[in-house]
Amino acid sequence: MHSHSHKETHNHTSSCCSNNSCCSSTVADNSKKVSDGSHTHEHSSMKKHPDDDEGSHRHGEEYHSTHAHAANDHDHSGHEHQHGSSCGLTANISNEVEPTQTADQRFSWIIRGMDCPSCANKIETAVAQISEVKQAKVLFATEKLVVDANTDISAAVRATVEAAGYELHDVGSNSAASVAPAQNLLSEAKPVIILAILVAISLGIEFINPQWGNIAFILTTLFGLYPIARKSLRLIRTGSPFAIETLMTVAAVGAICIQATEEAAMVILLFMLGEMLESYSAGRARRGVSALMALVPEDAVLIKDGEKTTIPVAQLRPGDIIEIAPGGRLPTDAELVSGFASFDESALTGESVPVERNAGEKVAAGCLSVDKAVQMKVVSEQGQNAIDRILQLIEEAEERRAPIERFIDRFSRVYTPIIMLISALVIIIPPIFFSAPWETWIYRGLTLLLIGCPCALVISTPAAITSALATATRRGALIKGGAALEQLGTITTIALDKTGTLTEGKPHVTNLVPVEGLSESELLQITASVEVGSHHPLAKAVVNKAEEFSLTVTEAQERKALAGKGVEGRLRNKHILVSAPNRLDTPLTSEWQAKVETLEAEGKTVVVTLEDNRVIGLTALQDTLRDDAVDAMSILKTLNVNAVMLTGDNPRAAGAIAGQLGMEFRASLLPEDKVTAVMELNRNHSTMMVGDGINDAPAMKASSIGVAMGSGTDVALETADAALTHNRLTGLPEIIALSRATRKIIRENITIALGLKGVFLVTSLLGITGLWVAVLADSGATALVTANAVRLLRVKLPQVKK
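Residues numbered from 1 in each chain as written. Predicted model: local features only at pLDDT ≥ 70, side-chain atom pairs only at ≥ 80, totals over all residues. Heavy atoms only, no water.

**Q** Would you mind showing me how to read the overall build of the protein here?
**A** Across its full length, the protein holds 24 helices and 29 strands. Taking all 802 residues of the protein together, 57% fall into the buried category. By sequence separation, contacts in the protein at least 24 residues apart represent 71% of the contacts at least 6 residues apart. Put simply, the protein shows about 33000 Å² of open surface, and 56% of that area lies on carbon and sulfur atoms. (Helix = DSSP H or I, 4+ residues; strand = E, 2+ residues; numbered from the N terminus. Buried < 20%, exposed > 50% of the residue type's maximum accessible area, 1.4 Å probe, protein only. Contact = heavy atoms within 4.5 Å. Areas by Shrake-Rupley, 256 points an atom, 1.4 Å probe, with all protein chains shown as cover.)

Structure below.
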């Protein structure tokens, strides 16, 4: 096996932010949002918000400032590069900064053999001791070790990890590529079953001959203790002297020394049983990520010069044509080449109904071709497809641990040494100062040592968070880490953008009001002449209406977007201007103004068409609510979460939509007004901002937590703390309820861990309970908190009451 690792650039998480100043690891406390450990992105591929565009793109009263790019040749969703701009946005948001050292290279490996998050901590501690290592992070969910260093330290890392008792594999190697086999409880139980049989045999021997039985118990204890003691020595050498293995070894050897051989054997048996259950439960919590990794096939059928060749997926490049068999999964992001086909996108979006895609439309990696063989054109680079990006986010999420998790981690580092010190004092003080029997107090001190083990406490939070994140991902919601997950549960107010979030973002023309002497068709032709070619939703609605009328639309000459005003052009040597009513240089006459107000009172967005500065007509457009908007608002009310709509549309149109949803609203807002509104809400409430594109980013950053409505394309993942890939509004109450359930489970877990320890600490010091009960309390508590956390994989989320 080659000793070198898979190398990545230090800022591998995104090409969007090359400035090193973006790479400070930022973690928010309970009251603020979280910025990615490497970047906060405003990604160029994010969907442009139809409702506003960096202070000028508006609907309704500011309709035509949405056309700031309309006359330019831009892509289908109005994408815009804003590299690094979010760095400034997050500069004053985070309250806790974990400094990182800049390194020249980033190395990655796959780790096998981890049973729980505490194993990840042990590996981090061991690798961090290598002098050349600047930073080491073990990502338990994806079993990945990421190390930053100035030089190639592969050999040293490999030796250190293997010395600690774990397997290290290069990323991309055959051993790493194969997903770890599913946890089998029977195979995991073999060592425990063997030890249980030996304990039973020892009991039988002791019944016949106590002396021989004592020897049998010692041999049984040593048999079970050998792998534990061996691992303990490895961990001591690699910088983890206070591991549970060390405490267990000291306790078992001490028990043998004071002739408590039966209890020594029982201690080891109970410990191995607890470890087995913990490993199995942790494996279940991680299974969702493994299933995600398994979605991408290893081979693809490449079509070149009319010939079909099966090649490894790693060899695919953008522009390659591949064929997907019926029932086959896409190995990478690709565009449909011809015709149309149905794809099952449930693995990524949570939507169970297959989606029809037409030629030229993009389909994400991992989606399944439902009914026929299709040809696709590869559009993503190797390692940059939708599955890769989601896995990358899951990895990065582990760097954003919940505040309570960070506290418990820090607490456990001093807790174990203190317990060992107290245990030593319990052993020494009574015999020396009070002439108490040594054997009794050694026994009680060893018991206290085992009770004090922090395993259950350490795993109480990460086990719950891992399970909750897996549940959210399975339901089409991506939550970026424990801090974001914990913050979601505190939300009492949600601020939602209107267009594209509460509504479909696909408006249609409802009314044409031409000036006397002009027909509706002529008004539509003239208006469409300056709108044709634009991909803005309102412009497309006008052009689509013209197509419905089978009108021939002549594209206006000298078309130009007027930022903050509208769009203009020249048609048959006449100046044509299409604008929002309140953006005109000359106010409308009372007659036209009355017509505008009548249409807006019906919840419609109105634009005015002028020919040589003379009003020739009005066009009214209306968006439609999302199918699940009413249900989502209803569920939020049952959760006691208040909803507020923030929009740049006119107050009458906004009021009509808000009235249907039974929610508050604030209208005619510029992007900076949205930020002000969110900050105002945040003063008295924990506020979530929900938007559908990059232009809601400032308001998202100002809120307690930002959530992006994704459409399964590029998912707007980099901007917000969470994203709903399925594009369902009902996902909002779901993630809030999931977070609340997670917080409840964490509280229960901490109560179990500390409560059991407190009870048995007292009973052990009083001599009521012994060693085996101490281990039962520790292993039992660990198994209980892990099993309790796994309940989140099947948590019942709120449903609409029919």
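Next, the rest of the story.
**Q** What's the story with the pairing of strand E22 (residues 574-579) in this structure? I'm lost.
**A** Side chains on a regular strand alternate between the two faces of the sheet. As judged from the six bridges shared by strand E21 (residues 566-571) and E22, these two strands associate in the antiparallel manner. Bridge assignment links glycine 566 to a residue of E22, and that residue is serine 579. The loop that links E21 with its antiparallel partner E22 comprises two residues; one of these, arginine 572, has a positive phi angle of about 50°. Pairing analysis gives four bridges linking E22 to strand E23 (residues 605-611), with the strands arranged antiparallel. (Pairing = 2+ DSSP bridges.)

**Q** What should I look at first to understand helix H20 (residues 651-661) in this one?
**A** Residue pairs spaced three or four apart in an α-helix point in one direction, given the helix's 3.6 residues per turn. All of the buried residues in H20 are Ala653, Ala654, Ile657, Ala658 and Leu661. In a view along the axis of H20, the buried residues occupy a sector of 130°, so they form one face of it. Positive backbone phi, approximately 65°, marks glycine 662, located one or two places after H20. (Arc of directions from axis to C-beta.)

**Q** Even after reading the chapter, I still don't get the packing of aromatic side chains, so can you show me in this structure?
**A** Aromatic ring pairs: the centre-centre distance and the angle between the two ring planes describe each pair. Overall, the coordinates contain one aromatic pair when judged by the stated rule. Ring centres of phenylalanine 107 and tryptophan 109 lie 6.1 Å apart, and the angle between their planes is 15°; this geometry places the pair in the stacked category. Each member of the pair, phenylalanine 107 as well as tryptophan 109, is classed as buried. Of note, arginine 444 hangs over the ring of tryptophan 441, and the distance from its end group to the ring centre comes to 4.8 Å. The ring of tryptophan 592 is capped by lysine 595, whose NZ or CZ atom sits 4.5 Å from the centre of that ring. (Phe/Tyr/Trp six-rings, centres within 6.5 Å; stacked < 30°, edge-to-face > 60°. Lys NZ or Arg CZ within 6 Å of the ring centre and 35° of its normal.)

**Q** How should unusual backbone geometry be read in this particular structure?
**A** Excluding glycine, residues mostly carry a negative phi; peptide bonds, for their part, are mostly trans. Phi is positive for aspartate 305, close to 55°, though the residue is something other than glycine. Mapped onto the elements of the fold, aspartate 305 is located in the loop between strand E8 (299-304) and strand E9 (307-312). Unusually for a residue other than glycine, asparagine 573 sits at a positive phi of about 65°. Relative to the helices and strands, asparagine 573 is located in the loop between E21 and E22. Exposure remark for asparagine 573: the relative accessible area of 68% places this residue in the exposed category.

**Q** Looking at this structure, how should I read the sheet that holds strand E13 (residues 355-358)?
**A** Strands pair in a sheet through their backbones, by hydrogen bonds, and they do so in one of two ways: parallel or antiparallel. With antiparallel pairing, the three strands of this open sheet are ordered in space as E13-E12-E15. Either end of the sheet is taken by a strand with one partner, and the two such strands are E13 and strand E15 (368-369). Bridge analysis of strand E12 (residues 340-344) against E13 gives four bridges, and the strand direction is antiparallel. Across the sheet, the residue bridging to phenylalanine 343 is valine 355, located in E13.

**Q** Quick question: what am I supposed to make of the nonpolar core here?
**A** Most often, soluble globular proteins have nonpolar side chains that are buried together. Grouped together as the largest cluster of nonpolar side chains are 57 residues, with contacts concentrated most on Ile479, Ile494, Leu496, Met633, Met663, Met688 and Leu732. Per-element accounting of this core gives the leading share, 10 residues, to helix H23 (residues 731-765). Residues Ile258, Met276, Phe760 and Ala774 belong to the second largest nonpolar core, which totals 35 residues. (Core = buried A, V, L, I, M, F, W, Y, C linked by side-chain atoms within 4.5 Å.)

**Q** Help me out: how do you make sense of the environment of tryptophan 109 in this one?
**A** Within the element layout of this structure, tryptophan 109 appears in strand E4 (residues 105-112). The class of tryptophan 109 is buried, set by a relative accessible area of 0%. Sequence separation of tryptophan 109 and aspartate 170 is 61 residues, and the distance between their C-alpha atoms is 5.0 Å.

**Q** I keep staring at a nonpolar patch on the surface and nothing clicks. Help me out?
**A** Together, Ile193, Ile197, Ile201, Ile205, Trp212, Ile215, Leu219 and Leu222 line one region of the surface with nonpolar side chains, adding up to about 750 Å² of accessible area. Elements supplying a minimum of two residues to the nonpolar patch: helix H5 (185-208) and helix H6 (210-237). (Patch = residues over 30% accessible without salt bridge, like charges linked within 9 Å, V, L, I, M, F, W, Y side chains within 5 Å. Salt bridge = Lys/Arg side-chain N within 4 Å of Asp/Glu carboxyl O.)

**Q** What is the right way to read the environment of threonine 751 from this model?
**A** On the secondary structure map, threonine 751 appears in helix H23. Taking the relative accessible area as the measure of exposure, threonine 751 reaches 56% and is therefore exposed.

**Q** Would you explain the sheet that holds E9 in this entry?
**A** Here we have six strands laid out as an open sheet, ordered E9-E8-E10-E16-E11-E14, and antiparallel in their pairing. Where the open sheet ends on each side, the last strands, each with one partner, are E9 and strand E14 (362-363). Bridge count between strand E11 (residues 334-336) and E14: two bridges; the pairing is antiparallel. Bridge assignment links alanine 334 to a residue of E14, and that residue is valine 363.

**Q** Please explain the side chain of glutamate 568 as it appears in this structure.
**A** Mapping glutamate 568 onto the fold places it in strand E21. At 2.6 Å, the side chain of glutamate 568 forms a polar contact with the side chain of histidine 575. (Polar contact = N/O pair within 3.5 Å; in protein donor to acceptor, adjacent residues only side chain to side chain.)

**Q** Whenever I open this one, the pattern of salt bridges confuses me. Can you help?
**A** Any two side chains of opposite charge can pair, given that their charged atoms come close. Tallying each qualifying case throughout the model produces 16 salt bridges. Note that glutamate 568 is salt-bridged to lysine 560, the shortest N-O span being 3.7 Å. With a closest N to O distance of 3.7 Å, lysine 574 and glutamate 611 form a salt bridge. Of this pair, lysine 574 sits in strand E22 while glutamate 611 sits in strand E23; the two residues are 37 residues apart in sequence, bridging distant segments of the chain. Lysine 574 sits in the partly exposed class, given a relative accessible area of 36%. Here glutamate 611 falls in the buried class, since its relative accessible area comes to 14%. The structure contains a network of salt bridges with shared partners spanning Lys744, Glu748 and Arg791.

**Q** Got a minute to help me understand the packing of H6 against helix H7 (residues 244-257) in this structure?
**A** Each pair of packed helices gets described by two things: the angle between the helix axes and the distance between those axes. Their axes nearest at 8 Å, the elements H6 and H7 cross at an angle of 145°. As for the relative orientation of H6 and H7, their crossing is left-handed in sense. Across the interface between the two elements, Ile218, Thr221, Leu222, Leu225, Ile228, Ala229, Lys231, Ser232, Leu235 and Ile236 of H6 pack against Glu245, Thr246, Met248, Thr249, Ala252, Val253 and Ile256 of H7. (Axes fitted to C-alpha atoms, helices over the stretch in contact; angles between N-to-C directions. Left-handed = near helix turned anticlockwise from the far one by under 90°.)

**Q** Would you take a moment to explain the packing of H7 against helix H12 (residues 438-451) for this structure?
**A** The N-to-C vectors of H7 and H12 enclose an angle of 160°; their axes lie 9 Å apart at closest approach. Regarding the angle of H7 to H12, the classification is roughly antiparallel. As for the relative orientation of H7 and H12, their crossing is left-handed in sense. Two secondary-structure elements touch here, H7 through Leu247, Met248, Val250, Ala251, Gly254 and Ala255 and H12 through Leu446, Leu449 and Leu450. Taken together, the residues that form the contact of H7 with H12 break down as eight nonpolar, one polar and no charged. (Parallel < 35°, antiparallel > 145°, perpendicular 65-115°, else oblique. Nonpolar A, V, L, I, M, F, W, Y, C, P; charged D, E, K, R; others polar.)

**Q** Where do I start with H12 in this structure?
**A** Its 14 residues give H12 an end-to-end C-alpha distance of 20 Å, which sits within 8% of 20 Å, the value for a rise of 1.5 Å per residue. Within H12, 10 of the 14 residues are buried, which leaves the element mostly enclosed by the surrounding structure. Turning to H12, its buried residues are Trp441, Tyr443, Arg444, Gly445, Leu446, Thr447, Leu448, Leu449, Leu450 and Ile451. (Expected span 1.5 Å × (residues − 1).)

**Q** Even after reading the chapter, I still don't get the side chain of serine 704, so can you show me in this structure?
**A** When you line up the elements, serine 704 lands in the loop between helix H22 (697-702) and strand E28 (705-709). Side chain to side chain, serine 704 and asparagine 682 meet in a polar contact 2.9 Å long.

**Q** I keep staring at the confidence of the model for the protein and nothing clicks. Help me out?
**A** Low-pLDDT stretches of the model should not have their predicted coordinates read in fine detail. Per-chain confidence: the protein averages 75 in pLDDT, with 75% of residues scoring 70 or above. For the stretch residues 1-102, pLDDT sits under 50, and the model shows 301 contacts to residues farther than four places along the chain or on other chains. Across residues 712-716, confidence stays below pLDDT 50; counting only partners more than four residues off in sequence or on other chains, it has 12 contacts. (pLDDT = per-residue confidence, 0-100.)

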